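So the chains spell out like this:
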There are 2 protein chains.
Amino acid sequence: MNKELDRYGLWEGINEVIVTTLSALGKPNAAPIGMIRRDGKLMVRVYKGSQTYTNIGDTGLLAANMVYDPVLFVRSALSDVAEEVFAFIKTDTGEDFPVITDCSAWMLLRAEHNNGSNVLVAELHPIIGNINHQTIRPINRAFNAVIEAVVLATRYKVFVNDKYLSQIKSYSSIISKCGGSTEKEAYDLIFKLI
Amino acid sequence: MNKELDRYGLWEGINEVIVTTLSALGKPNAAPIGMIRRDGKLMVRVYKGSQTYTNIGDTGLLAANMVYDPVLFVRSALSDVAEEVFAFIKTDTGEDFPVITDCSAWMLLRAEHNNGSNVLVAELHPIIGNINHQTIRPINRAFNAVIEAVVLATRYKVFVNDKYLSQIKSYSSIISKCGGSTEKEAYDLIFKLI
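Nothing here was measured: the structure is a model prediction, and the numbers come from that model.

Regarding its fold elements, chain A presents seven helices and eight strands. Radius of gyration (C-alpha) of chain A: 16 Å, near the 16 Å computed for a compact globule of 194 residues. By principal-axis analysis of the C-alpha atoms, chain A measures approximately 50 × 40 × 35 Å. The buried share of chain A, reckoned over its 194 residues, is 51%.

What follows is the structure in structure tokens.
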């Protein structure tokens, strides 16, 4: 399994991906999640209260979407994403399951979970996947700052503590110095959505 | 030119690459540098006192190497890299020029520069390039933290101010939480080399 995970960009450590899930009523959801690969296992930890938590509990399925669009990271973390962001693929039981249309790759996973407490911890088992496109993606410190700011913004929404807001604002200079227009748009969007 | 730069991973904003250069005596050098793409131009700013500054002044050439090995980022920022890291390609005048063997892509560039002051500012013009391999590279917050720590470590070496050291140390928890073995090795190496 390890070589296949490598190929899909799920490497050792925590991989920030967009997880797509389906509700019991058939509504797709997208949220950024850190997918943990350690000791040959792929895992997620999802906190109670999120749609992702409910959906994984209901369906036992999720898809990891390898996405490098900072605007989509912000939007899926802090609001609902538009329906047209999703494409539907067939699972092995013939049902439709949402993935992100413009992802570099997606992998559908079965979640072997235990959701008794406030955190759903699931070991993940690959079912099917697809690599859409591979690119040479630059290292851009502003892109990386958007990811940090998104993490802080989700904490700010839960705890409403101004220390998170000032930490988000501390990235402003690196965004304007190192960012392209996409990073700047994503960073500005954070302030509109929190 | 823009589509070609996109394909090589040199996007709008500042792209952190490893720049290889050649001294007048034929010795290769590698150093991480932010390559700036704005308004259709590709530029670098290189500070006086570095080998990269001297070499670009002497030869008018540099190569951008798109590299995602955090250990190589640390090593090239804070020390000399081993000779075997370099491969030599032929320039259009038939001379050998160093690139990084294990890079995802390299692009040889002619530097139209003005090195009157303490900063060499050069507009860069592509000569030749090669894409070695494209992968799905994950977003890993520990990898990103290594890049930030490298920036701080180079400042620490110049200014020997402990504030940089404590900022580098502040990344320790994210490295151990999110990193794979490569990010951990790279982070530990910073403390050995500063």
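What follows deals with the packing of aromatic side chains. Residues and elements named next belong to chain A. Enumeration over the complete set of coordinates arrives at four aromatic pairs over all chains. Each ring, one from Phe159 and one from Tyr164, has its centre 6.3 Å from the other, and the planes form 35°; the classification is tilted. Ring geometry for Tyr187 and Phe191: centres 5.2 Å apart, planes at 85°, overall edge-to-face. Here Phe191 and Tyr187 lie together in helix H7 (residues 181-193), a separation of four residues that amounts to about one turn.

The interface is formed by 40 residues belonging to chain B together with 40 residues belonging to chain A. Carbon and sulfur atoms make up 52% of the area that chain B and chain A hide from each other, which totals about 3200 Å². The three residues of chain B that bury the most area against chain A are Ile136, Ile139 and Arg141 of chain B, which together make up 26% of that side's buried surface. Across the salt bridge formed by Arg141 of chain A and Glu148 of chain B, the nearest N and O atoms sit 2.8 Å from each other.

This paragraph deals with the sheet that holds strand S7 (residues 105-114) of chain A. Residues and elements named next belong to chain A. With respect to topology, six strands assemble into a closed barrel ordered S1-S2-S3-S8-S7-S4, the strand pairing being antiparallel. Strand-to-strand twist of the sheet, defined as the mean angle between neighbouring strand axes without regard to direction, takes the value 40°. As paired strands, strand S1 (residues 13-22) and strand S2 (residues 28-38) are joined by 10 bridges and run antiparallel to one another. The residue of S2 that forms the bridge with Ile14 is Ile36.

Right, let's get into the pairing of strand S8 (residues 119-131) of chain A. Residues and elements named next belong to chain A. Sheet topology note: the strand S3 (residues 41-47)/S8 ladder contains five bridges and is antiparallel. Counterpart to Val46 in the pairing with S8 is Leu120. Sheet analysis places S7 next to S8, joined by 10 bridges and oriented antiparallel. Opposite Glu112, over in S8, you have Glu123 as the bridge partner.

Counting residues in hydrophobic clusters, the biggest one holds 45 residues, and the most contacted among them are Leu10, Met35, Leu62, Met66, Ile100, Leu109 and Leu124 of chain B. If one sorts the elements of this core by residue count, strand S7 (residues 105-114) of chain B sits on top with six residues. Counting residues in each nonpolar core, the second largest holds 44 residues, with Val46, Leu61, Phe86 and Phe97 of chain A among its members.

Scoring rules and cut-offs
Counting restarts for each chain: residues are numbered from 1 in the order of the written sequence. For this description, chains carry letters from A and ligands carry numbers from 1, given in the order in which they are written. Note on the predicted model: pLDDT of at least 70 is required for a residue's local features to be given, and 80 or more for side-chain atom pairs to be given and counted; whole-chain, interface and lining totals, by contrast, use all residues. With hydrogens and water excluded, all non-hydrogen atoms of the structure serve as input to the side-chain values. Secondary structure follows DSSP: runs of H or I at least 4 residues long count as helices, runs of E at least 2 residues long count as strands, and numbering of each begins at the N terminus. Just to be clear, the radius of gyration here is over C-alpha atoms, and the globule rule we use is 2.2 Å times residues to the power 0.38. A 1.4 Å probe rolled over the protein chains alone gives each residue an accessible area, and that area as a share of the maximum for its type sets the label: buried under 20%, exposed over 50%, partly exposed in between. Two aromatic rings from Phe, Tyr or Trp, using only the six-membered ring of Trp, form a pair when their centres are within 6.5 Å; if the ring planes differ by under 30 degrees the pair is stacked, by over 60 it is edge-to-face, and anything between is tilted. Every residue pair with non-hydrogen atoms within 4.5 Å of one another is taken to be in contact. We define buried area as the total accessible area lost by two parts upon association, computed with a 1.4 Å probe and summed across both. Take a side-chain nitrogen of Lys or Arg and a carboxyl oxygen of Asp or Glu: if they are within 4 Å of each other, that pair is a salt bridge. Between any two strands, pairing holds if DSSP finds at least two bridges. Fitted lines through C-alpha atoms serve as axes, helices being fitted only where they are in contact, and the angles separating the N-to-C directions of these axes extend from 0 to 180 degrees. Buried Ala, Val, Leu, Ile, Met, Phe, Trp, Tyr and Cys residues form a nonpolar core when they are joined through side-chain atoms within 4.5 Å.

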